[in-house]
Amino acid sequence: AQSVSQHNHHVILSEAASLELGCNYSYGGTVNLFWYVQYPGQHLQLLLKYFSGDPLVKGIKGFEAEFIKSKFSFNLRKPSVQWSDTAEYFCAVKGNTGKLIFGQGTTLQVKP
Amino acid sequence: EPEVTQTPSHQVTQMGQEVILRCVPISNHLYFYWYRQILGQKVEFLVSFYNNEISEKSEIFDDQFSVERPDGSNFTLKIRSTKLEDSAMYFCASRRLVGNEQFFGPGTRLTVL
């Protein structure tokens, strides 16, 4: 069965700290992977995506993620977080029928 | 930049009542989706729609649910007889024919009392 697992449910960081959010997926086909962000009171927005090619993908707002096929992982990173990064972060994989399969989400709280 | 819009932003209804959640996808998109997120849980796929028919539905999407694209712009989700456990945030999404990115609307928070 296709599934996505996010290891951290709630992360609290101080500004300027580095961030890494874990994501593992279970899917046997060609993977299309996504990280979405949901700022308080706003809708889901795409941070970055991986379809093929360079396994290190860069997204908006300084975020990047690395696809490691052997580990079935797609971890999200940012070298230095800001207070404005406070949000919920969702990892997702596109299933073979086009639907997105989401992880449980990670709430990131950045303290100023 | 074009966006997916959803109305209403919040709907409160009594158990057993019918609700219709409305979405206006991005105009040149051809695939449409509904997802829901129960408070504190993950975002779950409900249904996908293409070429005026359902292309896939989840186990959640039982006979109480239906979708429609009545006029070429709106995409609606109807729940015929709401239950308490239908309380959730419902997200609509759409994507182009080519490409994998789904664009999400802001969601409708449905509260069933």
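Higher on the page you've got the structure.
Residues numbered from 1 in each chain as written. Chains lettered and ligands numbered in written order. Predicted model: local features only at pLDDT ≥ 70, side-chain atom pairs only at ≥ 80, totals over all residues. Heavy atoms only, no water.

## Quick notes on the packing of aromatic side chains
With the rule as written, the count across this model stands at 20 aromatic pairs over all chains. Ring geometry for Tyr31 of chain B against Tyr50 of chain B: centres 4.4 Å apart, planes inclined by 10 degrees, an arrangement best described as stacked. Placement of Tyr31 of chain B in strand 4 (residues 31-37) and of Tyr50 of chain B in strand 5 (residues 43-50) is noted, with a sequence separation of 19 residues between them. The class of Tyr31 of chain B is buried, set by a relative accessible area of 19%. Judged by relative accessible area, which is 29%, Tyr50 of chain B ranks as partly exposed. Considering the side-chain rings of Phe32 of chain B and Phe75 of chain B, the 5.4 Å spacing of their centres and the 40 degrees angle between planes classify their relative orientation as tilted. Of this pair, Phe32 of chain B sits in strand 4 while Phe75 of chain B sits in strand 8 (residues 75-79), and the two are 43 residues apart along the sequence. Joined through ring pairs, the aromatic side chains of Phe34, Tyr36, Phe51, Phe90 and Phe102 of chain A together with Tyr33, Tyr35, Phe45 and Phe104 of chain B make up one cluster. Arg95 of chain B extends its terminal NZ or CZ atom over the ring of Tyr31 of chain B, reaching a point 3.9 Å from the ring centre. (Phe/Tyr/Trp six-rings, centres within 6.5 Å; stacked < 30°, edge-to-face > 60°. Helix = DSSP H or I, 4+ residues; strand = E, 2+ residues; numbered from the N terminus. Buried < 20%, exposed > 50% of the residue type's maximum accessible area, 1.4 Å probe, protein only. Lys NZ or Arg CZ within 6 Å of the ring centre and 35° of its normal.)

## What to know about the interface of chain A and chain B
Across the boundary between the two partners, chain A contributes 19 residues, which contact 15 residues of chain B. Buried area between chain A and chain B, both sides added, is near 1600 Å², and the carbon and sulfur share of it is 54%. Between Lys49 of chain A and Glu101 of chain B there is a salt bridge, with the nearest N and O atoms lying 3.4 Å from each other. Counting every contact that joins chain A to chain B gives 6 residue pairs in polar contact (both at pLDDT 80 or more). Only strand 5 (33-38), strand 6 (44-50), strand 10 (87-94) and strand 11 (100-102) of chain A provide two or more residues apiece to the side of chain A that touches chain B. Residues belonging to the side of chain A that touches chain B are distributed by class as follows: 9 nonpolar, 7 polar and 3 charged. (Contact = heavy atoms within 4.5 Å. Buried area = accessible area lost by both parts, 1.4 Å probe. Salt bridge = Lys/Arg side-chain N within 4 Å of Asp/Glu carboxyl O. Polar contact = N/O pair within 3.5 Å; in protein donor to acceptor, adjacent residues only side chain to side chain. Nonpolar A, V, L, I, M, F, W, Y, C, P; charged D, E, K, R; others polar.)

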